[in-house]
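Architecture at a glance
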Amino acid sequence: MYVLKNEQNMQIHLITAVCILVAAYFFQLPLNHWLILLLVIAGMFSLEIMNTAIERTVDLVTKDFHPLAKRAKDIAAAAVFVYCLFAVIIGLLLFLPPILQFFQKGQLLPF
């Protein structure tokens, strides 16, 4: 897949997604939390792919600097950033209770 192989941000998203899924398994999140996490991760991947498509299309149309081309790229990147902020908020809402419970019990393993 081109995006995963050539885009550093997509590689970061993939590594983060794997870490989050491992943490979800570790904390034994309920099924509905898993579904939310998978939807958020899929949304992040999809939006990053769309951002890359927009950037490459703009590059194809013009090689010269153009303020509108820059604006199109910046807006696509901003969409990814906004989604990422909300993904972090959702992650905190899902993971904070089990993390706090884990530390209150003082256990080495949550199970």
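The notes below deal with the structure included here. (Residues numbered from 1 in each chain as written. Predicted model: local features only at pLDDT ≥ 70, side-chain atom pairs only at ≥ 80, totals over all residues. Heavy atoms only, no water.)

Secondary structure assignment for the chain yields 4 helices and 0 strands. Its helices and strands in sequence order give the chain the pattern α-α-α-α, from N to C terminus. Against the 2.2 N^0.38 benchmark of 13 Å for 111 residues, the chain shows a C-alpha radius of gyration of 18 Å, more extended than a compact globule. Each of the 111 residues in the chain was classed as buried or not, and the buried ones make up 23%. Residue pairs at least 24 apart in sequence account for 69% of intrachain contacts in the chain once pairs closer than 6 positions are excluded. Summing over all exposed atoms, the chain offers an accessible surface of approximately 7,900 Å²; the carbon and sulfur share of this is 74%. Across the chain, the mean location of the 7 positive side-chain charges is 5 Å away from that of the 6 negative side-chain charges. (Helix = DSSP H or I, 4+ residues; strand = E, 2+ residues; numbered from the N terminus. Rg over C-alpha atoms; globule rule 2.2 N^0.38 Å. Buried < 20%, exposed > 50% of the residue type's maximum accessible area, 1.4 Å probe, protein only. Contact = heavy atoms within 4.5 Å. Areas by Shrake-Rupley, 256 points an atom, 1.4 Å probe, with all protein chains shown as cover. Lys, Arg positive; Asp, Glu negative; His and termini not counted. Charge placed at Lys NZ, Arg CZ, Asp CG, Glu CD.)

So, about helix α4 (residues 67-105). The end-to-end C-alpha distance of α4, which contains 39 residues, comes to 56 Å, matching closely the 57 Å that a straight helix rising 1.5 Å per residue would cover. Within α4, the axis deviates most sharply at F95, by approximately 40°, and proline P97 lies no more than four positions further along. What α4 keeps buried is the set A69, A76, V80, A87, G91, L94, F95, P98 and F102. Buried residues in α4 make contact with α2 (8-26) and α3 (31-61). (Expected span 1.5 Å × (residues − 1). Bend = angle between axes of the 7 residues up to and from the residue.)

What follows covers the side chain of E48. In this fold, E48 is placed in helix α3. It turns out E48 is buried and unbridged, and the closest side chain with the opposite charge, R56, is 8.0 Å from it. Beyond its immediate stretch of four places on either side in the chain, E48 contacts N9, M10, H13 and V80. (Salt bridge = Lys/Arg side-chain N within 4 Å of Asp/Glu carboxyl O.)

Right, let's talk about the layout of surface pockets for a bit. The space that makes up the largest pocket amounts to roughly 330 Å³. In the lining of the largest pocket, the residues fall into 13 nonpolar, 3 polar and no charged. (1 Å grid on protein atoms, 1.4 Å probe; cavity = no way out; pocket = protein on both sides within 12 Å on 5 of 7 lines; lining within 4 Å. Points joined across faces, edges and corners; volume = space filled by probe spheres on them. Nonpolar A, V, L, I, M, F, W, Y, C, P; charged D, E, K, R; others polar.)

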